[in-house]
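# A structural walkthrough
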Amino acid sequence: MLVVGILGVIVMYGGFLYLLFSGRSTAGLPWFLMISPWICIYFGLSQTKQIATINWFKNKFTRH
């Protein structure tokens with residue numbers, strides 16, 4: 001899953017940037033298309049790293 005996610009980020013974001021810089025519309029790209037490779041990367045991590053990622057997001061988006 002980790003490799004699939006990394007390749008997905010490269011391909012999808014590369015295509016998005018190509019469309020963006022070539023002047024074509026990116027309005028047809030749904031938001032979940034851009035987030036789906038990150039989900040593959042998350043589930044490709046070990047359980048310890050998944051928990052660490054969740055804790056990082058909690059600390060980042062909560063007030064201290």
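Owing to the predicted nature of the structure, the values given are computational and were not obtained by experimental measurement.

Moving on to the packing of aromatic side chains. Within this structure, the stated rule accounts for five aromatic pairs. With 5.1 Å between their ring centres and 80° between their planes, Tyr42 and Phe43 make a pair best called edge-to-face. Residue Phe43 is classed as exposed on the basis of its relative accessible area, which comes to 51%. For the pair Phe57 and Phe61, a centre-to-centre distance of 6.0 Å together with 10° between the ring planes defines the contact as stacked. Taken together, the residues Phe57 and Phe61, both in helix H3 (residues 47–61) and four residues apart, mark about one turn of the helix.

Within the fold, Leu17 resides in helix H1 (residues 2–21). Sequence separation of Leu17 and Ile51 is 34 residues, and the distance between their C-alpha atoms is 31 Å.

Under the UniProt annotation, the feature "transmembrane region" (unreviewed entry) is placed at residues 6–21 and 28–45. The span residues 6–21 is 100% helical and 0% strand by assignment, and the distance between its end C-alpha atoms comes to 22 Å. The span residues 28–45 carries 78% helix and 0% strand; its end-to-end C-alpha distance comes to 30 Å.

Analysis parameters
- Residues numbered from 1 in each chain as written.
- Predicted model: local features only at pLDDT ≥ 70, side-chain atom pairs only at ≥ 80, totals over all residues.
- Heavy atoms only, no water.
- Phe/Tyr/Trp six-rings, centres within 6.5 Å; stacked < 30°, edge-to-face > 60°.
- Buried < 20%, exposed > 50% of the residue type's maximum accessible area, 1.4 Å probe, protein only.
- Helix = DSSP H or I, 4+ residues; strand = E, 2+ residues; numbered from the N terminus.
- UniProt positions renumbered as here; feature names shortened; annotations may be inferred.

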